[in-house]
Amino acid sequence: MVSGFPWLSVLWVTPIVGAGAVMVLPAQARQLAKWVAVVSAVVALMLGVLLAVQFEPAGDGYQFVESHSWIPAFGAGYIVGVDGIAVTLVILTVAVVPVLILAGWNDGGDRGRSTHAYLALTLVLEGMVLAALIALDVLLFFVFFEAMLVPLYFLIGGYGGAHRTGAALKFLLYNLFGGLIMLVALIVLYLVTAENGVGGIDGGTFDFRAVAAAVANGSLVVDPAVAAAMFLGFMFAFAIKAPLWPFHSWLPDAAVQATPATAVLMMAVVDKVGTFGMLRYCLQLFPDAAVSFRPVVGALAVVAILYGAFVAIGQSDVMRLIAYTSVSHFGFIVMGIFVMTSEGQAGSTLYMVNHGIATAALFLTAGFLVSRRGTRAIAAYGGVQRVAPVLAGTFLIAGMATLALPGLAPFISEFLVLIGTFTRYPAFAVLASIALVLSAVYILWLYQRIMTGPTTEGNDKLRDLVPREIAVVTPLLLLLIGLGVYPKPALDLINPAVGHTLTTIHQREPVPTAPSAAEGAHP
């Protein structure tokens, strides 16, 4: 890469420019608009791959840093940069969006809706997610964290199902309220940095690097009650975005009412900004408070794991069932983050990627099936594998990945999370392991009811996957198998950043203990 070139700025601006190019095309040029959107997303993908190739996992600090004055009166700057965790999630984002544009090729433009607007909103959302992931100024992060709600609201409310308006409004209100609480905590953080002189003689600062360093070296002194309040403010917003039980209730409605491509964009990409925020901001800005609340957050995560799995088993709507599996999976991600072990956090970060890929494959395949049959009711299906074997096979592989079958990508990330959890909280790990059985129940039972047995009436004419749909699912399946067999490239990016995080918050690996021979001997 050319030294000094603003690669990160170009990365997140590229899909925004693509959105503008789509919108200036004539209304009748729908096919051209689709191809312009695909090209824009592919260019962003190429930039993301180039970024990952040039990134040095063993390098110190953040890389490709750009720093410019933005609002000097408030100590805010346009500061961007990436570590291994951010690079991994950037790759997930730029890899998934082109696939989703192809998957939603026919989602826009019907019933008077604009194809151009649908594509432009998708690209704008991609750009905002990328900007949030690379932001190193807390205020800059907050701006994009909130701004991404707007395109997603219109994607759900403008292009979803019959009850899309209510689902979109519920999504927006939940997340806006969480953002409001975070804004209050952000203002308090600025005042605290000003009081401690972290931003210099001019006042406070929003520079994440400066604040995290001051917290780590003890030069930022904060009353424990204030630090706990700020932690809860940030955590509340991220828990809604993730979403973590009991702040999850907006997700199933939004996922079901959105188009499958938009639902995947929301669950696989946008919601990861919430868990990313926990890992970066909650832990590194408020480490003592995070340690204090660690058992509580861990308990909520375990509840989410079990709750999502149990509720998924009872669903009669195939899309709602898959949405509830994500509630369970986000519980695993949050649990791994807050056990504060290297295995747990590396597993959580890898889980963010693997969940995104597996959910995309399963939800899109289910969406292809629902679009053919015209219903989400599981009871309406049966014997689909007889008439659509490629669709059924794709659904089976994606389902096996969702239940973390060894050899597929989610297995290693779930395994790492459980190992990391067991060394800190054995009881949490044991309880979370119950979900391994429950996930097998809801996935295998779902496959049995939909795909096996005699072909029921109304399913005998279902088409198998067409070439465009095969082009959508093939890269996802290859990634599931590739990362399942050889996760080393991703872990090589993640592990140094996880080590830096744990060092910053002064957390050491738990040392397993066992009774000594003398203690275990009988008198």
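Owing to the predicted nature of the structure, the values given are computational and were not obtained by experimental measurement.

## Quick word on the overall build of the protein chain
Phase 1: Summing up its helical and strand segments, the protein chain has 22 helices and two strands in all.
Phase 2: Computed over C-alpha atoms, the radius of gyration of the protein chain comes to 23 Å, within 12% of the 24 Å expected from 2.2 N^0.38 for 523 residues, which places it in the range of a compact globule.
Phase 3: Taken along the three principal axes of its C-alpha coordinates, the protein chain extends 80 × 70 × 40 Å.
Phase 4: Every one of the 523 residues in the protein chain was classed for burial, and the buried ones make up 58%.
Phase 5: A sequence separation of at least 24 residues applies to 81% of the contacts in the protein chain between residues at least 6 apart.
Phase 6: Accessible area of the protein chain: about 19500 Å², with a carbon and sulfur share of 69%.

## Side note on the pattern of salt bridges
Phase 1: Within the structure shown, the criterion is met by seven salt bridges.
Phase 2: A salt bridge links Lys488 to Asp492; the shortest N-O distance between them is 2.7 Å. Of this pair, Lys488 and Asp492 both sit in helix 21 (residues 488-504), four residues apart, roughly one helical turn.
Phase 3: For Asp492, a relative accessible area of 34% translates into the label partly exposed.

## Re the environment of Met340
Phase 1: Mapping Met340 onto the fold places it in the loop between helix 14 (318-338) and helix 15 (342-373).
Phase 2: A relative accessible area of 1% means that Met340 is categorised as buried.
Phase 3: A C-alpha to C-alpha distance of 9.4 Å links Met340 and Pro510, two positions 170 residues apart in sequence.
Phase 4: Residues within four places of Met340 in sequence aside, it is in contact with Leu283, Ala290, Val291, Arg294, Gln345, Arg424, Leu502, Ile505 and Gln507.

## A short note on the packing of helix 11 (residues 260-270) against helix 12 (residues 272-285)
Phase 1: Closest axis-to-axis distance for the helix 11/helix 12 pair is 6 Å, and the angle between their directions is 10°. Taken together, the axis directions place helix 11 and helix 12 in an arrangement best described as roughly parallel. Contact residues: Met267, Ala268, Val269 and Val270 in helix 11; Lys272, Val273 and Gly274 in helix 12.
Phase 2: Classifying every residue of the contact of helix 11 with helix 12 gives five nonpolar, one polar and one charged.

## Looking at the packing of aromatic side chains
Phase 1: Evaluation of the coordinates by the stated rule reveals 26 aromatic pairs.
Phase 2: Linked through ring pairs, Tyr62, Phe141, Phe145, Phe208, Phe234, Phe238, Tyr281 and Phe286 together constitute an aromatic cluster.
Phase 3: Directly above the aromatic system of Phe145 lies the positively charged group of Lys241, at a separation of 4.4 Å from the ring centroid.
Phase 4: In this structure, Arg449 packs its charged tip against the face of Trp445, placed 3.8 Å from the ring centre.

## Quick notes on helix 4 (residues 115-134)
Phase 1: For helix 4, which comprises 20 residues, the first-to-last C-alpha distance of 29 Å matches the rise-based estimate of 28 Å (1.5 Å per residue) to within 8%.
Phase 2: Buried residues dominate helix 4, accounting for 18 of its 20 residues.
Phase 3: The opening residue of helix 4 is Ser114, an N-cap whose side-chain oxygen sits 3.3 Å from the backbone nitrogen of His116.

## Re the side chain of Glu66
Phase 1: Note on placement: Glu66 falls in strand 1 (residues 63-71).
Phase 2: Lacking a salt bridge, the buried Glu66 has Arg209 as its closest oppositely charged neighbour, with an N-O distance of 12 Å.
Phase 3: In this structure Glu66 touches Pro6, Trp7, Leu8, Ser9, Tyr78, Ile79 and Val80, once residues within four positions along its chain are discounted.

## Details of the nonpolar core
Phase 1: Membership of the largest hydrophobic core comes to 199 residues, with the highest contact counts inside it found for Phe234, Met335 and Phe338.
Phase 2: No other element matches helix 15, which puts 16 residues into this core.
Phase 3: Setting aside residues up to four positions removed in sequence, Phe338 forms contacts with Phe231, Met235, Met278, Leu283, Ala290, Arg294 and Val297.

## Some words on the side chain of Thr504
Phase 1: Inspection of the secondary structure puts Thr504 in helix 21.
Phase 2: Relative accessible area serves as the criterion here: at 11%, Thr504 is assigned to the buried category.
Phase 3: At 2.7 Å, the side chain of Thr504 forms a polar contact with the backbone oxygen of His500.
Phase 4: Among residues more than four places away in sequence, those in contact with Thr504 are Ala212, Ala216 and Gln284.

## Concerning the packing of helix 10 (residues 250-257) against helix 11
Phase 1: At a minimum axis distance of 7 Å, the contact between helix 10 and helix 11 shows a crossing angle of 145°. In this structure, helix 10 uses Trp250, Leu251, Ala254 and Ala255 to contact helix 11, whose residues at the interface are Ala263, Met266 and Met267.
Phase 2: Residue composition of the contact of helix 10 with helix 11, by class: seven nonpolar, no polar and no charged.

The rules behind each value
- Residues numbered from 1 in each chain as written.
- Predicted model: local features only at pLDDT ≥ 70, side-chain atom pairs only at ≥ 80, totals over all residues.
- Heavy atoms only, no water.
- Helix = DSSP H or I, 4+ residues; strand = E, 2+ residues; numbered from the N terminus.
- Rg over C-alpha atoms; globule rule 2.2 N^0.38 Å.
- Buried < 20%, exposed > 50% of the residue type's maximum accessible area, 1.4 Å probe, protein only.
- Contact = heavy atoms within 4.5 Å.
- Areas by Shrake-Rupley, 256 points an atom, 1.4 Å probe, with all protein chains shown as cover.
- Salt bridge = Lys/Arg side-chain N within 4 Å of Asp/Glu carboxyl O.
- Axes fitted to C-alpha atoms, helices over the stretch in contact; angles between N-to-C directions.
- Parallel < 35°, antiparallel > 145°, perpendicular 65-115°, else oblique.
- Nonpolar A, V, L, I, M, F, W, Y, C, P; charged D, E, K, R; others polar.
- Phe/Tyr/Trp six-rings, centres within 6.5 Å; stacked < 30°, edge-to-face > 60°.
- Lys NZ or Arg CZ within 6 Å of the ring centre and 35° of its normal.
- Expected span 1.5 Å × (residues − 1).
- Polar contact = N/O pair within 3.5 Å; in protein donor to acceptor, adjacent residues only side chain to side chain.
- Lys, Arg positive; Asp, Glu negative; His and termini not counted.
- Core = buried A, V, L, I, M, F, W, Y, C linked by side-chain atoms within 4.5 Å.

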